[in-house]
Amino acid sequence: MNLRIVVAVAKVSFREFWRSPEAVFWTYGFPLLMTVVLGFAFQPKEPEPVPIAVVVARDSDELVTALSRSGRLKVAAMTELDADQALARGRIGALVRGTPTAPIVRADPTRPDADLARLLIDRALVRGDAKDVAHFEPETRPGSRYVDFLIPGLVGLNLLGAGMWGMGFQLVQFRTQHLLRRLFVTPMTRSEFLSGFLISRLLLALPESLVIVLFGVCLWDVPFRGSLVATMLLLLAAALAFSGLGVLVASRAKTIEGVAGLMNLCILPMWLLGGAFFSNERMTGVLRVCADAMPLSWCNGAMRDLMLGDAGVMDIAMPLSLLAAFAAATFAVALRVFRWT
Amino acid sequence: MSDSGLAIELRALRKVYQKKQQTTVAVDGLDLDVRRGEVFGLLGPNGAGKTTTVEICEGLSRQTSGEVRILGRTWGSGSDLAIRARIGVCLQETKFFDKQTVRETLQLFAACYGRGRSVDAALESVSLAEKASSRQSQLSGGQRQRLAVATALLGQPELLFLDEPTTGLDPQSRRQLWEIVRSFQRQGGTVLLTTHYMEEAEQLCTRIGVVDRGKSIALGTPQELIRSLGAEHVVELEAKDLAGIKDTELGALPSVQSCERSGDKVALKVQSVHLAVPPLLELLRARGKALDGLSTRHATLEDVFVHLTGRQLREEASS
Ligand SMILES: Nc1ncnc2c1ncn2[C@@H]1O[C@H](COP(=O)(O)OP(=O)(O)O)[C@@H](O)[C@H]1O
Ligand SMILES: [Mg+2]
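Residues numbered from 1 in each chain as written. Chains lettered and ligands numbered in written order. Predicted model: local features only at pLDDT ≥ 70, side-chain atom pairs only at ≥ 80, totals over all residues. Heavy atoms only, no water.

### Observations regarding the overall build of chain A
Reasoning step 1: When helices and strands are counted, chain A shows 13 helices and four strands.
Reasoning step 2: By its C-alpha atoms, chain A is 85 × 40 × 35 Å across when sized along the principal axes.
Reasoning step 3: Here chain A, with 341 residues, has 47% of them falling under the buried criterion.
Reasoning step 4: Summed over its atoms, the accessible surface of chain A is roughly 16,800 Å², and 64% of this surface lies on carbon and sulfur atoms.
Reasoning step 5: Each charge class in chain A can be summarised by its mean position, and for the 33 positive and 28 negative side chains these summaries are 12 Å apart. (Helix = DSSP H or I, 4+ residues; strand = E, 2+ residues; numbered from the N terminus. Buried < 20%, exposed > 50% of the residue type's maximum accessible area, 1.4 Å probe, protein only. Areas by Shrake-Rupley, 256 points an atom, 1.4 Å probe, with all protein chains shown as cover. Lys, Arg positive; Asp, Glu negative; His and termini not counted. Charge placed at Lys NZ, Arg CZ, Asp CG, Glu CD.)

### Describing the site of ligand 1
All names here are of chain B.
Reasoning step 1: Near ligand 1 you find Y17, K19, T24, A26, P45, N46, G47, A48, G49, K50, T51 and T52, and these make up its full shell.
Reasoning step 2: Residue G47 places a main-chain N or O atom 2.7 Å away from an oxygen atom belonging to ligand 1.
Reasoning step 3: Protein chains shield 66% of the accessible area of ligand 1, which is 570 Å² for the free molecule.
Reasoning step 4: Listing elements by their share of the shell around ligand 1, those giving two or more residues are β1 (6-19), β2 (22-35) and α1 (50-57).
Reasoning step 5: Ranked by residue count, the leading element in the shell around ligand 1 is α1, at three residues.
Reasoning step 6: Of the residues belonging to the shell around ligand 1, the class tally is four nonpolar, six polar and two charged. (Near = heavy atom within 4 Å. Polar contact = N/O pair within 3.5 Å; in protein donor to acceptor, adjacent residues only side chain to side chain. Nonpolar A, V, L, I, M, F, W, Y, C, P; charged D, E, K, R; others polar.)

### Here we look at the sheet that holds strand β4 (residues 103-106) of chain A
All names here are of chain A.
Reasoning step 1: Read from one edge of the open sheet, four strands run β2-β1-β3-β4, paired in mixed fashion. Across the chains shown, the open sheet's two edge strands, defined by having one partner strand only, are β2 (73-78) and β4. Ignoring strand direction, the axes of neighbouring strands in this sheet form an average angle of 25°.
Reasoning step 2: Of the strand pairs in this sheet, strand β1 (residues 50-55) and β2 are connected by six bridges, and their pairing is parallel. For V55, the partnering residue across the bridge sits in β2 and is M78.
Reasoning step 3: Contacts between helix α3 (residues 60-68) and the sheet are confined to β1, β2, β3 (94-98) and β4, with β1 contributing the most and set at about 165° to the helix.
Reasoning step 4: In the packing of helix α5 (residues 112-127) onto the sheet, contacts are made with β1, β2, β3 and β4, and the angle to β1 comes to roughly 65°. (Pairing = 2+ DSSP bridges. Axes fitted to C-alpha atoms, helices over the stretch in contact; angles between N-to-C directions. Contact = heavy atoms within 4.5 Å.)

### Here's the deal with the packing of helix α9 (residues 228-249) of chain A against helix α13 (residues 317-337) of chain A
Working note: a packed helix pair is described by the angle between its axes plus the distance between those axes.
Residues and elements named next belong to chain A.
Reasoning step 1: α13 packs onto α9 with a crossing angle of 25° between their chain directions and a minimal axis gap of 8 Å. In terms of orientation, α9 and α13 fall into the roughly parallel class. Crossing geometry of α9 relative to α13 is assigned as left-handed. From α9, L233, L234, A237, A238, L240, A241, G244, L245, V247 and L248 reach across to α13, where they touch L320, L323, A324, F326, A327, T330, V333, A334 and V337.
Reasoning step 2: Each residue belonging to the contact of α9 with α13 can be placed in one class, and the counts come to 17 nonpolar, two polar and no charged. (Parallel < 35°, antiparallel > 145°, perpendicular 65-115°, else oblique. Left-handed = near helix turned anticlockwise from the far one by under 90°.)

Now the structure itself:
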């Protein structure tokens, strides 16, 4: 391995990224924008009333009055047809018909607000506007809010997206314009070339992650309690793992369309199950197995331990080594299957 | 190792492309020796197999059968990197980095070679010094091609491959590139270049291999090839209603070797213009044909190609 070549490739790849405004926007601008928008959208506040519909019938006025006594329900009277449609479209959480003494609630049990609507309806009919028995204490302490959960997840998502797209697109683009063929006929080896490529990505990964963290800390007081060294290690390992995957996916693709399909195939499941927007720790069965096998889950879990908990290097040793092993494995496979032409 | 004195040796080279139902024989039993210090030109129409041959020489693709020795070594026998360190390559089409300047592009290639010349020297040698900080998108076609040649020269190669280096360039850019190639040769370098411009082959090459449909159909210096026609001049005449005069009559005129027609035009290959033209004019006057045009020129490689294949080089090239 000739270091001079590795550095030269890293420089070229770095400049190639840094000089394309659109790549810079999608790597830095967009995640920050998402951080700000989502952060503000999920500020702690009074829960919204749950919208429900009462089917208009002979005694339905009575039912509407009884249900309206609860401040937590937003009641609308509708014809059966309209109510059915509203339920199907998710505009209401539940549909109520019958009389106050013999009401029937209909809701889709797979929707998260169905159960809540049912309980609220039940309580409104039994207890009217009586006060809560238990005193409610809203959790608004930094470190326990949704925004605190979200920021570490966005760091992971950004590393995943930037790593895969950043590596994959450049590689395939160089291949389509015959640049890789041209580099192949120089005394440069695959490992020199691919290492240089990955190193350029590492240089970008730290600042882009730290910017997101900093935003969270400054705008919403998101805590950062863990070890800084451990965080650096984690970010580097995750960046290597995701860019390794990007290189692997792009190691043979001949067109941008081809590589984009493969990228989405890798990225989409991780967006859904990788624990970025909602916790995957309560998932069960096959979903849980899949979630646990994803590098994004390792990264997000460890990042939350570092920011919300007070983890050190040893506490995140497991996800850290998993990510490092994943990076090494993808790089090794990529080296074997990589094609210059 | 490379004491044979040959830069390139090809023996019975064959390359077959297999694509589903279609089988293309791109190179069909080619034998070729390129000596050290010469500029060897592969001349042939589009699809003749030039690029395929050159890419096999460069180690970019593998032959189906046959032997290839580059600077005395073979590809795939553990010395690939050592060969690559000694050759320079300019592919038929390469787009360099969109976002790097000329200098930065050259710096990457310079890093690949341990020894080698400086980036500044390379810029100077292809007259791109004042474009050093421009990006590729700001270069003209000729400047891009010179950049490509500069990347190939950075490692101070012994052997330079140029695949259609001047296709699509204006005459001035073409001359500039010829000058770069000549100066490389003067410093002891060997060049294998492909072209479908006979003027280029005549001007630049010490020896030429004419290829058609994957086969070598003629080999020699430009002068030898032209001399092989047996006639060094071409007399072209244009007149209405020439059909009345038979080929055999024209062929029987003194010093005329052969005769080709296209429409109202006739081209005669002749050895000595001063012997052939007076009787030709006499014949035309006797038949009452009025000349619309008459010109004489030296025979070119184009005539050699037409003579060997019955087809024009350029017609094929543009299709
Ligand atoms: N990758 C390929 N797959 C299939 N056929 C090919 C491929 N490359 C070249 N050919 C065919 O091989 C023949 C020779 O091509 P090429 O070497 O590019 O010719 P030239 O460079 O003289 O124009 C052509 O008929 C071409 O269509
Ligand atoms: Mg070609």
